[in-house]
Amino acid sequence: MRILFTGASSFTGCWFARQLASDGHHVTVTLRSQAYVGLRARRVALLDGCDRVVGVSFGDRRFLELARTGEWDMLCAHGAQVDGYRSPQFDVAAALAANTRAAGEVVGCFPRLLVTGSVFEPGEGEGDEQLRALSPYGLSKAFTAETLRYHCAVTGSSFGKFVIANPFGPFEEERFTTGLVRAWRRGEAPAVRTAEYVRDNVHVSLLALAYADFARRLPEGGWNGSLGVSGYREAQGDFARRFGNEIGSRLGIETPLTLCAQTEWLEPAVRINADQVDGAALGWSEQSAWDGLAGYYADLPDPG
């Protein structure tokens, strides 16, 4: 297929775009910046199997020109406004406007649209608290998806939604898992302060294969559906132990943890995805995924 892909400089976006290209699709990625730095620059450097169009944002003039002239089979709308996504003051309206600029014109150029969502959107996955949104950012993602779904219904384009839980793996932003590894390297026992939250942590390599398979199977003709891939569905303290056992044995380091009694519950206690996939059928190996992640951390430089 000829695929136009947004958001390829992000963690999961880089993995998804590379997997699509590896599967033989002609993938063109749009990049908003002319020059990335740090981790994003490393991800962009990995997109050598994709064509790149730089200085383009969803729905702007150049994006529309590209959409109209590409004879595309699919738009993968993975990019979104994320600056300040953890803040309770995240501007939902501004993010929605940017994520859906000229959406009617854009969607009409593609027979298939594949949107990336989050399990922390309202109504997604399984859990407690009536599946409320985790944050204003989660609301913006939900409103974005519903806006694009509406335009697909109007134009007759097929709509697919790929719902992500908690991905982890090489080239992730330095948050929970990387913080654990850095602490262990210093001989410390990192504290896990949200050990009782039940979450769904998924190897990004499995997600990428499932994403590409979902894209391949997404038909034309106004189809509408979603997939939310599940991984390790367990308390964060249990996942931290699992992560430590797998990484520590491969790197030859001790992986002690301090699991704190959780006193704050600012997020839903349970939020997990519902769909199990057969990784082996997709060519995925759990052990190889752990091996690859350990190799990535072995080569990870100390922060300078």
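Up top you'll find the structure we're talking about.
Residues numbered from 1 in each chain as written. Predicted model: local features only at pLDDT ≥ 70, side-chain atom pairs only at ≥ 80, totals over all residues. Heavy atoms only, no water.

## Topic: the sheet that holds strand β7 (residues 158-164)
Judged by pairing direction, the sheet is parallel, and its seven strands sit side by side in the order β3-β2-β1-β4-β5-β7-β11 without closing on themselves. Only two strands of the sheet have a single neighbouring strand rather than two, namely β3 (51-54) and β11 (224-228). Mean inter-strand twist for the sheet, computed between neighbouring axes without regard to direction, equals 20°. Where strand β1 (residues 2-6) meets strand β2 (residues 26-31), five bridges bridge the pair, whose relative direction is parallel. (Pairing = 2+ DSSP bridges. Helix = DSSP H or I, 4+ residues; strand = E, 2+ residues; numbered from the N terminus. Axes fitted to C-alpha atoms, helices over the stretch in contact; angles between N-to-C directions.)

## Describing the packing of helix α4 (residues 92-99) against helix α6 (residues 136-155)
At their nearest, the axes of α4 and α6 sit 9 Å apart, and the two run at 35° to each other. Remark: the crossing between α4 and α6 carries right-handed chirality. In this structure, α4 uses V92, A95, L96 and N99 to contact α6, whose residues at the interface are P136, L139, S140, F143, T144 and T147. Taken together, the residues that form the contact of α4 with α6 break down as six nonpolar, four polar and no charged. (Left-handed = near helix turned anticlockwise from the far one by under 90°. Contact = heavy atoms within 4.5 Å. Nonpolar A, V, L, I, M, F, W, Y, C, P; charged D, E, K, R; others polar.)

## A word on the pattern of salt bridges
Throughout the structure, instances matching the rule amount to 17 salt bridges. Of the charged contacts in the structure, one is a salt bridge between R68 and E105, with a shortest N-O distance of 2.7 Å. Of the two residues, R68 sits in helix α3 (residues 61-69) while E105 sits in helix α5 (residues 103-107), which places them 37 residues apart along the sequence. Judged by its relative accessible area of 52%, R68 is exposed. Given a relative accessible area of 44%, E105 falls into the partly exposed group. Notably, a salt bridge pairs R182 with E174, separated by 2.8 Å at the nearest N-O pair. Judged by relative accessible area, R182 falls into the buried class, the value being 10%. Several salt bridges converge on common partners, so that one network encompasses E121, E124 and K161. (Salt bridge = Lys/Arg side-chain N within 4 Å of Asp/Glu carboxyl O. Buried < 20%, exposed > 50% of the residue type's maximum accessible area, 1.4 Å probe, protein only.)

## Description of helix α1 (residues 11-22)
One turn of the α-helix equals 3.6 residues, which is why residues spaced by three or four share an orientation. Relative to the 16 Å expected for twelve residues at 1.5 Å per residue, α1 spans 17 Å between its end C-alpha atoms, a close match to the ideal helical length. Of all the twelve residues making up α1, ten are buried; the element is thus mostly covered by neighbouring parts of the structure. Three or more residues of α1 are buried, namely F11, T12, G13, C14, W15, F16, A17, Q19, L20 and A21. Near the N-terminus of α1, the side chain that reaches the backbone nitrogen of G13, with its oxygen 3.0 Å away, is that of S10. (Expected span 1.5 Å × (residues − 1). Polar contact = N/O pair within 3.5 Å; in protein donor to acceptor, adjacent residues only side chain to side chain.)

## Quick notes on the layout of surface pockets
The computed volume of the second largest pocket comes to approximately 190 Å³. Lining the second largest pocket are 16 residues, with W15, P170, V204, S205 and A289 positioned closest to its centre. Elements with a minimum of two residues in the lining of the second largest pocket: α1, α8 (204-217) and α10 (286-298). The class makeup of the residues in the lining of the second largest pocket is nine nonpolar, six polar and one charged. (1 Å grid on protein atoms, 1.4 Å probe; cavity = no way out; pocket = protein on both sides within 12 Å on 5 of 7 lines; lining within 4 Å. Points joined across faces, edges and corners; volume = space filled by probe spheres on them.)

## A few points about the packing of aromatic side chains
Within the structure shown, the criterion is met by 23 aromatic pairs. With a centroid separation of 4.2 Å and 15° between ring planes, the pair formed by F16 and Y211 is classed as stacked. With a gap of 195 residues between them, F16 in helix α1 and Y211 in helix α8 connect regions that are remote in the sequence. Each member of the pair F16 and Y211 is classed as buried. One cation-aromatic arrangement involves R18 over W15; the distance from NZ or CZ to the ring centre is 5.6 Å. One cation-aromatic arrangement involves R199 over Y197; the distance from NZ or CZ to the ring centre is 4.5 Å. (Phe/Tyr/Trp six-rings, centres within 6.5 Å; stacked < 30°, edge-to-face > 60°. Lys NZ or Arg CZ within 6 Å of the ring centre and 35° of its normal.)

Keep in mind these values describe shape, not function.
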